[in-house]
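Fold and geometry: a report
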Amino acid sequence: MSKKKTPLSSKKEDIHIEVEGWQWESKKVRLGWKQYLILTLLLAGGLLFAFGFLVISVIALGLSLVVGLILFIFRKLEII
């Protein structure tokens, strides 16, 4: 069965539309200087934290290489 087509209406309906404003109802939230300061401090703290662990791991790797090299030399010289 096919759908029945709605008959075209010959009368025009009067439509009255009022536009109060073209903006959205919720206003855009803007961050203040305090929020930017907090975000900057959090970002700086995170970077220092991450690079701090990187520096500590590089120092630990360097020390382990030096100690391993010294122990290797002592074993070759039969000191240990």
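Look up: the structure comes first, before these words.
So, here is what we can say about the structure in this document. Since the model is a prediction, treat every value here as computed from it, not as a measurement.

**Side note on the overall build of the protein chain**
Along the protein chain, the regular secondary structure elements total one helix and zero strands. Buried residues in the protein chain amount to 0% of all 80 residues. When the accessible surface of the protein chain is totalled, it reaches about 9,300 Å², and 68% of it is carbon and sulfur.

**A closer look at the packing of aromatic side chains**
Inspection of the entire model under this criterion finds one aromatic pair. Arranged with centres 4.8 Å apart and planes meeting at 90 degrees, the rings of F49 and F53 form a pair that is edge-to-face. Taken together, the positions of F49 and F53, both in helix α1 (residues 33–76) and four residues apart, correspond to about one turn of that helix. You can call F49 exposed: its relative accessible area is 56%.

**Here we look at α1**
The α-helix winds at 3.6 residues per turn, so residues separated by three or four positions along the chain end up facing the same way. Here α1 contains 44 residues, and its C-alpha end-to-end distance of 64 Å stays within 8% of the 64 Å for a straight helix at 1.5 Å per residue. Phi turns positive, to about 60 degrees, at E78, one or two residues after α1.

**What about a nonpolar patch on the surface?**
Residues V66, V67, L69, I70, L71, F72, I73, F74, L77 and I79 make up a contiguous nonpolar surface patch of roughly 910 Å² in combined accessible area. For I79, a relative accessible area of 56% corresponds to the exposed category.

Criteria and thresholds
Residues numbered from 1 in each chain as written. Predicted model: local features only at pLDDT ≥ 70, side-chain atom pairs only at ≥ 80, totals over all residues. Heavy atoms only, no water. Helix = DSSP H or I, 4+ residues; strand = E, 2+ residues; numbered from the N terminus. Buried < 20%, exposed > 50% of the residue type's maximum accessible area, 1.4 Å probe, protein only. Areas by Shrake-Rupley, 256 points an atom, 1.4 Å probe, with all protein chains shown as cover. Phe/Tyr/Trp six-rings, centres within 6.5 Å; stacked < 30°, edge-to-face > 60°. Expected span 1.5 Å × (residues − 1). Patch = residues over 30% accessible without salt bridge, like charges linked within 9 Å, V, L, I, M, F, W, Y side chains within 5 Å. Salt bridge = Lys/Arg side-chain N within 4 Å of Asp/Glu carboxyl O.

The quantities given are spatial measurements derived from coordinates; they are silent on function.
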